[in-house]
Amino acid sequence: MANVTKNIGLSLGADLCWPACYEEIVKRLDLNIPYGEDAIKFHVERVSVEPFNLRQPCRYDVVLDRLTHWFHTSREWIKKAVVMDGLYVLNNPWSLQSMEKHTTYSAMMALGMPIPDTWMVPPRELSPDNPDIYPTLERYGRKFELAEIGEKLGYPLFMKPYDGGAWVGVTKINNTQQLLKAYEQSGRRVMHLQRAVDPFDLFVRAIGIGPQVHIVRYDPDAPLHDRYKVDFFFVDGDEWSVLQDTCMTINAFFGWEFNSCESLRKDGVFHPIDFANACPDFQVTSLHFHFPELVKNMVRWSLFCAATGRKKALNLDWAPFFEIAKKDLPYRERLAGYAKIARERMEHDRFQEFVAKHLSHLDEVTWDFFGTDLAKSFVRAKVAALFPAHEVNAFTDHFFGLIQFWRKCEADRMNTVKEQAAAAAAPAEVVTASPVEEVAAPAEEVAAPVEPTPAAEAVPAIEAAQPVRAHEPPAAEPAAPVKAPSTPPKGGKGKKVKN
């Protein structure tokens, strides 16, 4: 049996907390996996940015990429490594580069998803960089009345960049006057006008990492550190399945394995509104309670891809999806068909077998790690990068307190799983599994967040995203929501801060 080391590279920007936690958890797993004829270990390192020879071999088997969406040097290195060296990367760099919101809307409309009506309008201002723009528009440009488009769509509507992210340039518009003013201020951006899903009674974000989907109730009007809500049983089993299948379909269609999908529920129907977010938020200062689950999901999927030598699909094959779209089927049946393709492409069953066989101790390793002083120091480092000095202690305790609340919930879940397994193994006996240590989260630490004051040199925002849990869907009869206490932690109150 040969000893093989799989190298995992972390291509990072302003990320501090998740890579440190990821590295430590992989280290604590202490893996030596028998796979085929090899014994596989894993080495994790951070990818540097430097000049590179296009013929220089890539030493990584898998790269977790956080830069392709905006940093060209790293993106081109990754594209070269995929083509020449067989690198496996999360996500597909060509798809991420070219599939802006406009394409994703069009494609999912073609699959029959209930995307709100959307128009594209030419930019208000012309770019002087291309002299051909003027004769082109003189010959072929058609005058249009923006107010008429607004009336056709109906109010309220949203104006937003066709390729934007992180809520930049997004405006809610309630009447013709607001529409004309927003368009005048839009400059050279190419904009969408999209009918609002109004009124809606639930906003969710689903984050997919490989075949794992974690669903979170989301409040876009809250400060970024409080948008991902600590809430449970806000959807029933059927709704959970729809959201999971939607996220899986979108990700498999575009070759994305780490992406967040936003949906609004109106009259019992979930309308996907924003799902080209293939560099989701992965920071403890916004994900807090949900952060450990997302880190754990990334560990599972990346180790699976590295160990099994998963191959990168260099081209996008949309034909199977469109074949299902042509069939005269109820939408839910079509969506299930799309999701079946997605699960096959993401090797859902093989992945589950791998996790059960080789990563069965991941839950307890992760649970134990997030109770350590080292984990708290990683939280503090991220808080210190974003918050003013006088609020660092309060918000470190706040976010770490929410993680301890997660540990309490996770201990309950793991104990239940052990008890069920013991009962199944010995149904005639009364068996009590040895419990995981209970974790009491202090009320002050689990509190609803205060509004922080942005640090003088805040890290630039990366598009916000929501965590998605890989647990089984809730029962069809949901329980009442469970929320964190409302008492805020001690500390100052300031402005919203972006992560």
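Residues numbered from 1 in each chain as written. Predicted model: local features only at pLDDT ≥ 70, side-chain atom pairs only at ≥ 80, totals over all residues. Heavy atoms only, no water.

Trainee: How do you make sense of a nonpolar patch on the surface when you look at a structure like this?
Mentor: Taken together, Leu54, Val83 and Met84 make up a surface patch of nonpolar side chains, about 310 Å² in accessible area. On the secondary structure map, Val83 appears in helix H2 (residues 72-85). (Patch = residues over 30% accessible without salt bridge, like charges linked within 9 Å, V, L, I, M, F, W, Y side chains within 5 Å. Areas by Shrake-Rupley, 256 points an atom, 1.4 Å probe, with all protein chains shown as cover. Salt bridge = Lys/Arg side-chain N within 4 Å of Asp/Glu carboxyl O. Helix = DSSP H or I, 4+ residues; strand = E, 2+ residues; numbered from the N terminus.)

Trainee: Whenever I open this one, the environment of Ser186 confuses me. Can you help?
Mentor: With respect to the helices and strands, Ser186 occurs in the loop between helix H7 (176-184) and strand S9 (191-195). Ser186 gets classed as buried once you look at its relative accessible area, which sits at 8%. Each C-alpha atom of the pair Ser186 and Pro161 lies 8.8 Å from the other, and the pair is 25 residues apart in sequence. In this structure the side chain of Ser186 is engaged in a polar contact, spanning 2.7 Å, whose partner is the backbone oxygen of Tyr183. (Buried < 20%, exposed > 50% of the residue type's maximum accessible area, 1.4 Å probe, protein only. Polar contact = N/O pair within 3.5 Å; in protein donor to acceptor, adjacent residues only side chain to side chain.)

Trainee: When you look at the pairing of strand S4 (residues 62-65) in this model, what are you seeing that I'm missing?
Mentor: Looking along a regular strand, one sees side chains alternate from face to face of the sheet. What you see with S4 is no split at all: Val62 and Leu64 on one side and Val63 and Asp65 on the other are buried throughout. As judged from the 4 bridges shared by strand S1 (residues 2-11) and S4, these two strands associate in the parallel manner. Its bridge partner lying in S4, Ser11 is registered against Asp65. As judged from the 3 bridges shared by S4 and strand S5 (residues 88-90), these two strands associate in the parallel manner. When the bridges of S5 are listed, Val62 appears paired with Tyr88. (Pairing = 2+ DSSP bridges.)

Trainee: Any chance you could explain the side chain of Ser74 here in plain terms?
Mentor: Looking at the element boundaries, Ser74 is found in helix H2. Here Ser74 falls in the buried class, since its relative accessible area comes to 8%. Apart from residues lying up to four places away in sequence, Ser74 is in contact with Ser11, Val49 and Leu67. (Contact = heavy atoms within 4.5 Å.)

Trainee: Looking at this structure, I do not really get the nonpolar core. What am I missing?
Mentor: Generally speaking, a soluble globular protein has its nonpolar side chains buried in company with each other. Ranked by size, the top nonpolar core spans 105 residues in total, and within it Ile8, Tyr22, Phe42, Met108 and Phe291 carry the most contacts. For this core, the leading source of residues is helix H10 (residues 291-308), giving 11 residues. With sequence-adjacent residues up to four places away left out, Met108 is seen in contact with Met113, Ile115, Ile250, Phe253, Phe254 and Phe275. One finds Ile149, Leu153, Met191 and Leu193 within the second-largest nonpolar core, a separate group that totals 12 residues. (Core = buried A, V, L, I, M, F, W, Y, C linked by side-chain atoms within 4.5 Å.)

Trainee: Which parts of the structure should I look at to understand the packing of helix H14 (residues 362-369) against helix H16 (residues 389-425)?
Mentor: Any two packed helices are characterised by how steeply their axes cross, that is the angle between the axes, and by the distance between the axes. In contact at an axis separation of 10 Å, H14 and H16 are set at 155° when each is read in the N-to-C sense. The orientation of H14 with respect to H16, classified from their angle, is roughly antiparallel. As H14 runs across H16, the sense of the crossing is left-handed. Each of Asp363, Glu364, Thr366, Trp367 and Asp368 in H14 lies in contact with H16, whose residues at this interface are Trp406, Arg407, Glu410, Ala411, Arg413, Met414 and Lys418. Considering only residue class, the contact of H14 with H16 consists of 4 nonpolar, 1 polar and 7 charged. (Axes fitted to C-alpha atoms, helices over the stretch in contact; angles between N-to-C directions. Parallel < 35°, antiparallel > 145°, perpendicular 65-115°, else oblique. Left-handed = near helix turned anticlockwise from the far one by under 90°. Nonpolar A, V, L, I, M, F, W, Y, C, P; charged D, E, K, R; others polar.)

Trainee: Mind showing me how you'd approach the environment of Ser260 here?
Mentor: Residue placement: Ser260 occurs in strand S12 (residues 258-266). The class for Ser260 is buried, based on a relative accessible area of 0%. The sequence separation of Ser260 and Asp274 amounts to 14 residues, and the corresponding C-alpha distance is 8.3 Å.

Trainee: Which parts of the structure should I look at to understand the packing of aromatic side chains?
Mentor: Any aromatic ring pair is given by two values, namely how distant the centres are and how the planes are angled relative to each other. Using the criterion set out here, one finds 32 aromatic pairs in the structure. Centroid distance Phe144 to Tyr183: 6.4 Å. Interplanar angle 70°. Geometry classified as edge-to-face. With a gap of 39 residues between them, Phe144 in the loop between helix H5 (133-140) and helix H6 (146-153) and Tyr183 in helix H7 connect regions that are remote in the sequence. Between Trp318 and Phe322 the ring centres are 6.5 Å apart and the planes differ by 80°, which places this aromatic pair in the edge-to-face class. Every member of this aromatic cluster is reached through a ring pair, and the members are Trp18, Tyr22, Phe258, Phe282, Phe291, Phe369, Phe370, Phe378 and Trp406. The lysine or arginine in question, Arg205, covers the ring of Tyr218, its NZ or CZ lying 4.9 Å from the ring centre. A cation sits over an aromatic face here: Arg407 above Trp367, 4.0 Å from the ring centre. (Phe/Tyr/Trp six-rings, centres within 6.5 Å; stacked < 30°, edge-to-face > 60°. Lys NZ or Arg CZ within 6 Å of the ring centre and 35° of its normal.)

Nothing here speaks to function; it is geometry throughout.
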